Amino acid sequence: MHWKYKAFIQNLVASLPEQLALSVYYPIQRRFGGLRRIDPTKRLQAAIETWDRIVATGRNPKGGVFFEVGTGRMVSVPIAYWLMGAKKTITVDLNRYLKHELILESLDYIRTNRSQMEQLFAERLIPDRFDFLCELAEAHPSIDTILTSFQVEYASPADAAHTHLASDSIDYHTSYTVLEHIPPQVLADILSEAQRITKPHGLIVHGVDYTDHFSHNDSTIDAINFLQFTTREWDRLAGNRFMYMNRLRHSDYLRTFNKSGLEIVADDPQIDPSLVAKVQQGDAPLAAEFKDRPADDLAATFAWIVASPAQALAKCG
Ligand SMILES: C[S@@+](CC[C@H](N)C(=O)[O-])C[C@H]1O[C@@H](n2cnc3c(N)ncnc32)[C@H](O)[C@@H]1O
């Protein structure tokens, strides 16, 4: 579908009263969108990548308390953390999007694709926990049983910028494909809150998708199509609750992390060489606010950003 039609439909649904908008949008996503067939592999993989990035810094995430910003529809990421040995995951979402039927389908996918899961998790998988999950999935458990069994504390509506958690109470502050949907000022507040609630030797790990998400389903546009519009034009075209994208580039994130008191430990932006060439040759239309940016910064499509609470030493006293 052409991205402008999709944006138009989303704007239309988003203009309805909130509860009506949510109850209209879900069946659309389920029938025509990304929720047609549930395959949690991508999110399990994201949890594994988060885990490995923690391990790469010399920390042992086993037994750790994880915090997830932006739960979404399912709890695949917290379940993956638990399968690898997390103590618990506190997951918060501004919107109560969680859907029981989708979680059951994702559990069923895990149960019926045993060997794929064993390969995916490899030596990280705790066999007893995996067996328990497979048994539980067969019993079609209630949502409360699922959350309790996998040590998931779900809070929604809840704002990751104001968690009410005690200072230094979590080990790992994480998200996957969430930060790009957060307005810049709220992003800064979420990262300051991360700095406050993460233990001195904890870690902050976020996977951010910098692409124009409309390009995922419309092959006629590239991943930086949205950079041709001014902020005002873009807000008018697609500034709805279902598809808001802040369009911040990699360097903006690094700056915001630093300003929020975090110290970058690792970042590995994936840069698309074909987009770099397009920008350098002047073949990518760019709004004035993006014109003077380095091509690499504009052409970064994804990054894992790993940071530590920079005041770790101060926190230790
Ligand atoms: C694109 S969804 C991603 C959900 C999930 N991580 C996934 O991969 O499916 C972004 C989620 O972030 C949530 N969100 C946005 N702002 C938030 C905030 N300030 N605090 C907590 N959650 C927030 C939205 O409600 C939405 O569910």
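Before reading further, recall that the structure is shown in the block above.
What counts and how
- Residues numbered from 1 in each chain as written.
- Predicted model: local features only at pLDDT ≥ 70, side-chain atom pairs only at ≥ 80, totals over all residues.
- Heavy atoms only, no water.
- Buried < 20%, exposed > 50% of the residue type's maximum accessible area, 1.4 Å probe, protein only.
- Helix = DSSP H or I, 4+ residues; strand = E, 2+ residues; numbered from the N terminus.
- Right-handed = clockwise from strand over helix to strand, strands pointing away.
- Pairing = 2+ DSSP bridges.
- Arc of directions from axis to C-beta.
- Contact = heavy atoms within 4.5 Å.
- Lys, Arg positive; Asp, Glu negative; His and termini not counted.
- Salt bridge = Lys/Arg side-chain N within 4 Å of Asp/Glu carboxyl O.
- Polar contact = N/O pair within 3.5 Å; in protein donor to acceptor, adjacent residues only side chain to side chain.
- Near = heavy atom within 4 Å.
- Areas by Shrake-Rupley, 256 points an atom, 1.4 Å probe, with all protein chains shown as cover.
- Nonpolar A, V, L, I, M, F, W, Y, C, P; charged D, E, K, R; others polar.

Asks: Break down the pairing of strand 5 (residues 198-209) for me, citing the residues and quoting the values.
Replies: With respect to burial, strand 5 is a largely interior element, 10 of its 12 residues being buried. Between the parallel pair strand 4 (residues 170-176) and strand 5, the chain is carried across by helix 9 (residues 184-197), and the sense of this crossover is right-handed. The pairing of strand 5 with strand 8 (residues 300-309) spans six bridges and is classified as antiparallel. Paired with Gly207 across the strands is Trp304, a residue of strand 8.

Asks: How would you sum up the environment of Ser219? Please name residues and give values.
Replies: Tracing the backbone through its elements, the reader meets Ser219 in the loop between strand 5 and helix 10 (231-238). Once the C-alpha coordinates of Ser219 and Trp3 are considered, the two residues, 216 residues apart in sequence, prove to be 9.4 Å apart.

Asks: Explain helix 6 (residues 114-121) residue by residue, including any values.
Replies: For helix 6, every residue scored as buried is listed here: Met117, Leu120 and Phe121. Buried residues of helix 6, seen end-on, are gathered within an arc of 85° and therefore sit on one face of the element. Exposed and facing more than 90 degrees away from the buried side of helix 6 are Ser115 and Gln119. Where helix 6 is buried, its residues meet helix 3 (41-56), helix 4 (76-84), helix 5 (100-112) and helix 7 (127-138).

Asks: Summarise the environment of Met74; cite the residues concerned and give the values.
Replies: By secondary structure assignment, the location of Met74 is in the loop between strand 1 (65-69) and helix 4. The class of Met74 is buried, set by a relative accessible area of 15%. Put simply, Met74 and Leu102 are 28 residues apart on the chain and 6.5 Å apart in space, counted from C-alpha to C-alpha. Residue contacts for Met74: discarding those within four places in its chain leaves Leu35, Ile38, Leu98, Leu102, Ile103 and Ser106.

Asks: Give me the lowdown on the side chain of Asp212, citing residues and values where you can.
Replies: Assignment of secondary structure puts Asp212 in the loop between strand 5 and helix 10. Buried charge without a salt bridge: Asp212, with Arg247 as the nearest opposite-charge side chain at an N-O distance of 8.0 Å. A distance of 2.9 Å separates a polar side-chain atom of Asp212 from the backbone nitrogen of Phe214.

Asks: Describe the site of the ligand, with residues and values.
Replies: The environment of the ligand is formed by 19 residues, the closest being Arg43, Gly70, Asp93, Asn95 and Asp159. Contact between the ligand and Leu94: a nitrogen atom at 3.2 Å from a main-chain N or O atom of the residue. The separation between a nitrogen atom of the ligand and a polar main-chain atom of Ala160 is 3.0 Å. Contact with the protein chains hides 83% of the accessible area of the ligand, taken as 600 Å² for the molecule alone. For the shell around the ligand, the class distribution of residues is 10 nonpolar, six polar and three charged.

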